[in-house]
Amino acid sequence: MRRDVQRLIFLLLPAGIFFAAFFLLPMARLFFIGGSGKTGWAAYAAILIDSHYLSSLISTLGVAAATTVATLIISGISGVFLQRHKFPGNAALVAMLTFPLAFPGVVIGFMVIMLAGRQGLIGQVTQALTGDKLVFAYTLSGLFMGYVYFSIPRTILTVMAAAEKLDPKLEEAARSLGASPWRVVLDVIIPGLKPAFISAGAICFATAVGAFGTAFTLAAKINVLPMVIYTEFTLSANIAMAAALSFVLGAVTWIVLALARTAAGSTVAAAG
Amino acid sequence: MTDIGKPLAIALQGCAKTFADGTRALEPLDLAIHAGETIVFLGPSGCGKTTTLRIIAGLEEPDAGGKVLFDGVDVTHLPIEQRNVGMVFQSYALFPNMTVAGNIGYGLKIRKTPDGQIRARVAEMLAMMQITKLADRRIDQLSGGQRQRVALARAIAVRPRALLLDEPLTALDAKLRDTLRLEIDSLLRSLGITAIYVTHDQAEAMALGDRIVVMEHGRVAQIGKPREIYQRPATRFVAEFIGTMNRLTGTTQNGVFSCRAGDLAWNEAPGHATEILFRPEDIRIAESDEASGLHGKVAAAFFLGDRTRLFVEVGEARPLVVESTARREFNHGDAVRLSIDPRGLLVL
């Protein structure tokens, strides 16, 4: 028994070292720096009390959550479609859908401005149609649009890989039992894709929480945590506050992802 | 046992199927399936048997001009979800996100049956398939045989008009296959439901089918009762696909068929017969002092307990397969004399 335990510890060592070096130690360091400023540990309290910080935390999580949901819906539908229907140009289209991965956030921000900015396409069209110019590039909506754009590639590839493994016989069995196409989606396809949705959604959410380039390009009114941290760090030189915000950003993201995984896991267990 | 409504009569009229890539999976097929009968589609893979089943199910539409009739009503363009047919697949196709009971009750849930009735029906199905203990199990905790019982229960729970089974036993091991075959047989008899069963296994087809449809290259080779198919095969393909068939080549003259191994008296021999076919059980190993019969040499002998399976060299391309219940021992190289029951002789 003792030997087994020793061996187990030994085998866990690489993961342990990795976990300590890239997660525990940096987080601990951030945590202490966060408490070392003029206001001491009150920096952490400020995040929840100061409306500027709190609202940026909420809008960061909100945009990330909305991005995740929108991306999963779009990628789920198109991923299954692209997997199921092979048409001429299918491969080219899939390749095209994946190439936003290559763009830096700045380019994506620039594209959002071209589309929904003051001189953007949407602005021109709406002005011609209604007389009012619709401009939303410089707000959270613009940011949301950019995030969805660069989240789709990762998600769609995961969904397509999972859709390939769906057993078409399951859908046929459900239909033979009287399930309408919509019920088949609900009872067979979505449960079948759930693991893919969870892992792709987690990556999508975490990326959207931390993305900086796009927000930085759109700038102005956008108040998301990475921007606030940047401002505190470079412009105000309030290193303690930047560290505290970073720590909270990391911790909150981790908690949300852990909760999502647990919820998903328990529904799987409950259903099974 | 369980109330299935009046059994369904199914008719196919000119049902052909050509796939998008141009392959012809099924030549135009006319077939009447009687209410309450078990019909087996039998043939090698790619013969069109599964395509036919899928056309009946509503998973495929026949090419233009083909018609599927349920009790005389045209259902050709009715999708499967509105046909009320139960399906059982080779891969079981159970929903992994539901329990055993959830799977069995799924069709009833879709039909918005009240919860109490679903529970009662599921309990009835579980009892019928003798899997009551498994009700709350997850699908991945079941063995193959248990899974197929659940799949059967799920298909029957909704009281389908017909039951369609696509190679339901193929994924199981031999012993389980025999057990489940018996269970399916008694299930189909007790339900009195119209059943369509697809298989490439002739033993399954013979055991289960009221009638067998033997298929080859998208065409029906023969339709008939198992006994007819076995004893009076219509084509060479049927003769060789079902059971074991021996072949002798030679000439016929004055009621005697002559081949390399000797002469065979056969009064009804058609004059043109240059090749005769017969089953292993129609050959008898003659006592050594009998003068008549064919000469042969034992090429291989397999003692199977109740009988011995012999391969006898008679100067033909393939040795004859002989089943002998004689209590003697056979060795490689033994000279034997064979007599053949003329009633078992076929010319195709």
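Residues numbered from 1 in each chain as written. Chains lettered and ligands numbered in written order. Predicted model: local features only at pLDDT ≥ 70, side-chain atom pairs only at ≥ 80, totals over all residues.

S.K.: Can you break down the domain arrangement of chain A residue by residue, with the values?
M.R.: Residue and element names in this part refer to chain A. On domain assignment, one finds that chain A holds domain 1 (1-34) and domain 2 (42-270). For domain 1 and domain 2, the distance between their C-alpha centroids amounts to 31 Å. When grouped by side-chain class, the residues that make up the side of domain 1 that touches domain 2 number four nonpolar, one polar and no charged. (Domains from an automatic or database assignment. Nonpolar A, V, L, I, M, F, W, Y, C, P; charged D, E, K, R; others polar.)

S.K.: Explain the sheet that holds strand β4 (residues 67-70) of chain B to me, using residue names and the numbers behind them.
M.R.: Each strand in a sheet pairs with another by means of backbone hydrogen bonds, the pair being arranged parallel or else antiparallel. Residue and element names in this part refer to chain B. With respect to topology, four strands assemble into an open sheet ordered β2-β1-β4-β5, the strand pairing being antiparallel. On the outer flanks of this sheet lie β2 (24-33) and β5 (73-74), each paired with one strand and no other. Pairing of strand β1 (residues 10-18) with β4 involves four bridges; the strand directions are antiparallel. Looking at β4, one finds that Leu12 is bridged to Val68. (Pairing = 2+ DSSP bridges. Helix = DSSP H or I, 4+ residues; strand = E, 2+ residues; numbered from the N terminus.)

S.K.: So what about helix α11 (residues 225-235) of chain A? Which residues, and what values?
M.R.: All names here are of chain A. Those residues of α11 that sit buried are Leu225, Pro226, Val228, Ile229 and Glu232. The buried residues of α11 occupy an angular sector of 160° when projected down its axis, which confines them to one face. Along α11, exposed side chains directed more than 90 degrees from the buried face belong to Thr234 and Leu235. One or two residues past the end of α11 sits Ala237, with phi positive at roughly 50°. (Buried ≥ 20, exposed ≤ 12 C-beta atoms within 10 Å, placed from the backbone. Arc of directions from axis to C-beta.)

S.K.: Give me helix α5 (residues 174-191) of chain B: which residues, what numbers.
M.R.: Residues and elements named next belong to chain B. For α5, with 18 residues, the first-to-last C-alpha span of 25 Å sits near the 26 Å given by 1.5 Å per residue. Lining the buried residues of α5 we find β3 (38-42), α4 (144-157), β8 (194-199) and α6 (202-208). A positive phi of about 65° marks Gly192, the residue just after α5. (Expected span 1.5 Å × (residues − 1). Contact = placed C-beta atoms within 7 Å.)

S.K.: Any chance you could break down the pairing of strand β16 (residues 294-303) of chain B for me, citing the residues and the numbers?
M.R.: One face of the sheet, then the other: side chains in a regular strand alternate in exactly this way. Residue and element names in this part refer to chain B. In this sheet, strand β19 (residues 335-340) lies alongside β16 in antiparallel orientation, the contact comprising four bridges. Following the sheet pairing, Lys297 is matched in β19 by Ala335. As defined by bridge partners, β16 adjoins strand β17 (residues 308-313) across six bridges and the pair is classed as antiparallel. Residue pairing for β17: Val298 is matched across the bridge by Val312. Hairpin connection from β16 to β17: four residues lie between these consecutive antiparallel strands, with Gly305 at a positive phi of about 100°.

S.K.: Describe the sheet that holds strand β15 (residues 283-286) of chain B, with residues and values.
M.R.: Residue and element names in this part refer to chain B. Spatially, the five strands line up as an open sheet ordered β15-β19-β16-β17-β18, and their pairing is antiparallel. The open sheet terminates on both sides in strands that have one partner only, identified here as β15 and β18 (320-324). Averaged over neighbouring strand pairs, the angle between their axes works out to 50° when direction is ignored. In this structure, β17 lies alongside β18, joined through five bridges in antiparallel fashion. The residue of β18 that forms the bridge with Arg309 is Glu323. (Axes fitted to C-alpha atoms, helices over the stretch in contact; angles between N-to-C directions.)

S.K.: Residues and numbers for the environment of Met241 of chain A, please.
M.R.: All names here are of chain A. For Met241, the position within the fold is in helix α12 (residues 239-271). By C-beta crowding, Met241 is classed as buried, having 26 other C-beta atoms within 10 Å. C-alpha separation for the pair Met241 and Arg261, spaced 20 residues apart in sequence, amounts to 30 Å. Not counting chain neighbours up to four residues away, the residues in contact with Met241 comprise Gly37, Ala43 and Glu232.

S.K.: So what's going on with the confidence of the model for chain B? Residues and values would help.
M.R.: Looking at chain B, the pLDDT average stands at 89 and 97% of residues meet or exceed 70. For chain B, the element scoring lowest by mean pLDDT is strand β13 (residues 262-265) of chain B, at 82; β3 of chain B scores highest, at 96. (pLDDT = per-residue confidence, 0-100.)

S.K.: Summarise the interface of chain B and chain A; cite the residues concerned and give the values.
M.R.: Contacts between chain B and chain A engage 20 residues on the former and 17 residues on the latter. Of all the elements in the fold, those that place two or more residues in the side of chain B that touches chain A are β6 (85-88) and α2 (100-110) of chain B. Per-class residue counts for the side of chain B that touches chain A are twelve nonpolar, five polar and three charged.

S.K.: Which residues make up the pairing of strand β9 (residues 211-216) of chain B, and what values do they have?
M.R.: Residues and elements named next belong to chain B. Sheet analysis places β3 next to β9, joined by four bridges and oriented parallel. Residue Leu42 lies in a different strand from β9, and its bridge partner there is Val214. Across five bridges, the pairing between β9 and strand β10 (residues 219-224) is antiparallel. Following the sheet pairing, Met215 is matched in β10 by Val220. Here β9 hands over to β10 after two residues, with His217 in that stretch at a positive phi of 45°.

S.K.: With reference to specific residues and values, describe the packing of helix α3 (residues 51-84) of chain A against helix α7 (residues 140-165) of chain A.
M.R.: The description of two packed helices rests on the angle between their axes and on the distance between the axes. Residues and elements named next belong to chain A. Here α3 crosses α7 at 40°, and the two axes come no closer than 6 Å. With respect to α7, the axis of α3 lies oblique. Crossing hand, α3 versus α7: right-handed. Along the lines of polarity and charge, the residues of the contact of α3 with α7 split into 17 nonpolar, ten polar and one charged. (Parallel < 35°, antiparallel > 145°, perpendicular 65-115°, else oblique. Left-handed = near helix turned anticlockwise from the far one by under 90°.)

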